[in-house]
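# An overview of the molecular structure
One-letter residues, chain by chain:
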Amino acid sequence: MSAIIEQLQADHTAANAQQDPNANVCFFATVDETGLPQVRTLVLRDISETALTLFINASSPKWQQLLKQPRCQAVLWYPSLQIQYRLTGRAEALASQTIKANWHKRPMRAKILDYFY
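This section reports on the structure supplied with the text.

The rules behind these values
- What you see as residue numbers is a count from 1 along each chain, following the sequence as written.
- Only residues with pLDDT of 70 or above have their local features reported here, since the model is predicted, and side-chain atom pairs are shown and tallied only from 80 upward, although totals for entire chains, interfaces and linings are computed over all residues.
- The basis for every side-chain value is the complete set of heavy atoms in the structure, and neither hydrogens nor water enter the calculation.
- For two strands to be treated as a pair, DSSP must find at least two bridges joining them.
- A helix here means a DSSP run of H or I that spans at least four residues, while a strand means a run of E at least two residues long, and both kinds are numbered starting from the N terminus.
- For a helix, the expected span equals 1.5 Å multiplied by the residue count minus one.
- Buried residues are those whose accessible area, probed at 1.4 Å on protein chains only, stays under 20% of the maximum for their type, while exposed residues exceed 50% and partly exposed ones sit between those limits.
- Comment: arc refers to directions from the helix axis out to C-beta atoms.
- To define axes, lines are fitted to C-alpha atoms, for helices over the stretch in contact only, and angles between the resulting N-to-C directions are given on a 0 to 180 degree scale.
- Whether two residues are in contact is decided by their heavy atoms, any of which lying within 4.5 Å being enough.
- As used here, the term nonpolar core means buried Ala, Val, Leu, Ile, Met, Phe, Trp, Tyr and Cys residues forming a set that is joined through side-chain atoms within 4.5 Å.

### Considerations on the pairing of strand E2 (residues 37-43)
- Across seven bridges, the pairing between strand E1 (residues 25-31) and E2 is antiparallel. Looking at E2, one finds that Phe-27 is bridged to Thr-41.
- Between the end of E1 and the start of E2, which pair antiparallel, lie five residues, with Gly-35 showing a positive phi angle near 90 degrees.

### Brief notes about helix H1 (residues 3-17)
- Its 15 residues place the ends of H1 21 Å apart at the C-alpha level, agreeing with the 21 Å of an ideal helix rising 1.5 Å per residue.
- Of the positions making up H1, those classed as buried are Ile-5, Leu-8, Asp-11, His-12 and Ala-15. The arc that holds the buried residues of H1, viewed along the axis, is 125 degrees, so those residues lie on one side. Seen from the buried face of H1, the exposed residues on the opposite side, beyond 90 degrees, are Ala-3, Thr-13 and Ala-17.
- Phi turns positive one or two residues past the end of H1, at Gln-19, with a value near 55 degrees.

### Quick notes on the sheet that holds strand E6 (residues 83-90)
- With antiparallel pairing, four strands are arranged side by side in an open sheet as E2-E1-E5-E6. Both edges of this open sheet fall to E2 and E6, since each of them pairs with a single strand only. Averaged over all neighbouring strand pairs, the angle between strand axes comes to 25 degrees, with direction disregarded.
- Packing of H1 onto the sheet brings it into contact with strand E5 (71-78) and E6, and relative to E6 it is tilted by some 125 degrees.
- On top of the sheet, helix H2 (residues 61-68) reaches E1, E2 and E5; it is set at about 55 degrees to E1, its chief contact.

### Structural notes on H2
- Within H2, the full set of buried residues consists of Lys-62, Trp-63, Gln-65 and Leu-66. Each buried residue of H2 lies within a common arc of 155 degrees when the element is viewed along its axis, so the set occupies one face. What points out from H2, more than 90 degrees from its buried face, is the exposed set Pro-61, Leu-67 and Lys-68.
- Turning to H2, the residues buried within the fold contact E1, E2 and E5.

### Side note on the environment of Ala-51
- With respect to the helices, strands and loops of the structure, Ala-51 is situated in the loop between strand E3 (46-47) and strand E4 (52-53).
- C-alpha separation for the pair Ala-51 and Ile-5, spaced 46 residues apart in sequence, amounts to 9.7 Å.

### Considering the nonpolar core
- Among the nonpolar cores identified, the biggest contains 17 residues, and Cys-26, Phe-28 and Leu-76 are the most heavily contacted of them.
- When residues of this core are traced back to their parent elements, those giving at least two are H1, E1, H2 and E5.
- Looking at this core element by element, the count peaks at four residues for E5.
- Setting aside residues no more than four positions away along its own chain, Cys-26 makes contact with Arg-40, Thr-41, Leu-42, Leu-44, Leu-54, Ala-74, Val-75 and Leu-76.

Pasting the structure below:
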C-alpha cells in the first residue's frame, strides 16, 4: 500500500475519532451532458488501497453522467485536521456482493428511498 493511501486512511480514522462532521462524506464531482461540473456531497462508505466506495443509485442523474463520462473527482476535507485530499479517477459499478454486504450499514431512511427508486 502506498504511503499516501496509508496517510489518507489514518487521517480518516483520526477525523472520525475527533467526530469531524466531514469524516464520512466526500464532495464528488462529475460532468453533465453540457460539460459543466456538478458537485455534490456523498457518504463515503470505504477507503481501500485502490478505491473509494460510494453508493450511487442507478436512477440518479449523477450515475447517468458517470455512464457517459466515468472520470470524476472526490475531495475529502477534514476541518478538525486542517487537511484536504483531492482524488481523481474513474467510476466503476460495484459488484452486487459488495452492495449486499454493505446494505445493513445504510440508514433506514436511505433504505426506504432505495425501495421507492
